[in-house]
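Observations on chain architecture
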Amino acid sequence: MKRKSQIVTLAALSTVAVMGASVASAESTLEIVKERGNLRCQVGPPSAGYYNLDSEGVWYGLDVAMCKAVAAAVFGDATKVEIQSVSSQARFTALANGESDMLSRTATWTLSRDTQLGIDFLPPNFYDGQGFTVRRDSGITSALELKGAKVCVTTGTTNELNLTDFSRTNDLGISNVTFEDFNVRDDTYLNGGCDAVTGDKSSMAGNIASFPVPSDHMILPETLSKEPLAPAVRHGDNQWADIVRWSVFALINAEELGITQANVDEMLATSTDPNVLRMMGAEGNLNEGLGLEPDWAYNIIKQVGNYGELYEAYMGGGELGIGIDRAGTLNALWTDGGLMYSPPMR
């Protein structure tokens, strides 16, 4: 019986190895990324605020900035990133099998995803919730008035299951009209194919801004779900997970300490705060456990900014922002009543 148990265990381990594809290599992700010379970072199809393309085809957005932060930490150069645009259906497989080094694309952290897909989620970079968009002239003012409605939703997302659960819980008989591409989803809604569209509220705010007449549409007040949107990495490489995790924390901690892209050099030269000096590598050895250079966090702030700067630029009132006020939301710093919080960097 003992021999049989060992065979079963070995078979199971072999299956895991096959599923891991390139992860089975003796090389760590950090080694692979350094040898390649860039970070393969996965986002989704263009989505305002998170990941979008400018007129020259260059990616920008909050999630793109997370990719750049990790590249700055690893290479000292935030431009050493290959942005991969992957569909919702393929995103987790592409990460688990080694096609991507990290995922940064409005992915909701859930128990089943974190434990069953061969990936690990890291600190959320945006706390969101699902809602509904309707036409103002529809007369609908509450999600509970959507009884019997046809609702457009993107398949392969938490939004699809949340919509089904919401309809079932409230006996609304909503018909899910599913799409793989959110652009087709929105076009169908705009052409009258659905009574409403559902998705994360922040994404819908950005999408409404691109509608022909944005003021003709509104987001209903109800929030259906918790949507902690977080970067993710393959399961099993603790060092790489630590690098991405603490890159996110560095952005948050920098804002808390008042370190910005504009003043980072001055802070490094004149600050007597040991928290500032340790974080930027002027004191201590915080870099050693990560396998990075002492100035890894300095490079993030200098080349990318702090979390507050990124939020304002892409989610808030910046030129490229989508106008979501941060004050009083879960995305505020913990010192302002939000959930953005970094463990001590010491």
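Data block above holds the structure.
Now for a quick tour of the structure. Because the structure is a prediction, the values reported are computed rather than measured.

**Considering the sheet that holds strand β8 (residues 130–135)**
- With mixed pairing, the five strands of this open sheet are ordered in space as β10-β9-β11-β8-β12. The open sheet has two free edges, formed respectively by β10 (175–179) and β12 (217–219), since each of these has just one partner strand. Each neighbouring strand pair of the sheet contributes to a mean axis angle of 30°, computed without reference to strand direction.
- Pairing of β8 with strand β11 (residues 196–200), which is carried by four bridges, proceeds in the antiparallel orientation. The residue bridging Gln130 from the neighbouring strand is Asp200, located in β11.
- Its contacts with the sheet place helix α8 (residues 201–209) against β8, β11 and β12, and it is angled at close to 125° to β11.

**Concerning the state of the cysteines**
- What the rule picks out here adds up to two disulfides.
- The connectivity of the disulfides in the protein is 1-2, 3-4, where the numbers refer to bonded cysteines in sequence order.

**Observations concerning the pattern of salt bridges**
- Counted under the stated rule, the structure contains six salt bridges.
- Here Asp265 ties to Lys302 by a salt bridge, and the two come within 2.6 Å at their closest N and O atoms. With Asp265 in helix α10 (residues 264–270) and Lys302 in helix α12 (residues 296–303), the pair connects residues that are 37 residues apart, well separated along the chain.
- The exposure class assigned to Lys302 is partly exposed, which follows from its relative accessible area of 33%.

**Quick word on helix α13 (residues 307–315)**
- The set of residues buried in α13 consists of Tyr307, Gly308, Leu310, Tyr311, Tyr314 and Met315. For α13, the angular spread of the buried residues around the axis is 160°, confining them to a single face.

Definitions and limits used
- Residues numbered from 1 in each chain as written.
- Predicted model: local features only at pLDDT ≥ 70, side-chain atom pairs only at ≥ 80, totals over all residues.
- Heavy atoms only, no water.
- Pairing = 2+ DSSP bridges.
- Helix = DSSP H or I, 4+ residues; strand = E, 2+ residues; numbered from the N terminus.
- Axes fitted to C-alpha atoms, helices over the stretch in contact; angles between N-to-C directions.
- Contact = heavy atoms within 4.5 Å.
- Disulfide = S-S within 2.5 Å.
- Salt bridge = Lys/Arg side-chain N within 4 Å of Asp/Glu carboxyl O.
- Buried < 20%, exposed > 50% of the residue type's maximum accessible area, 1.4 Å probe, protein only.
- Arc of directions from axis to C-beta.

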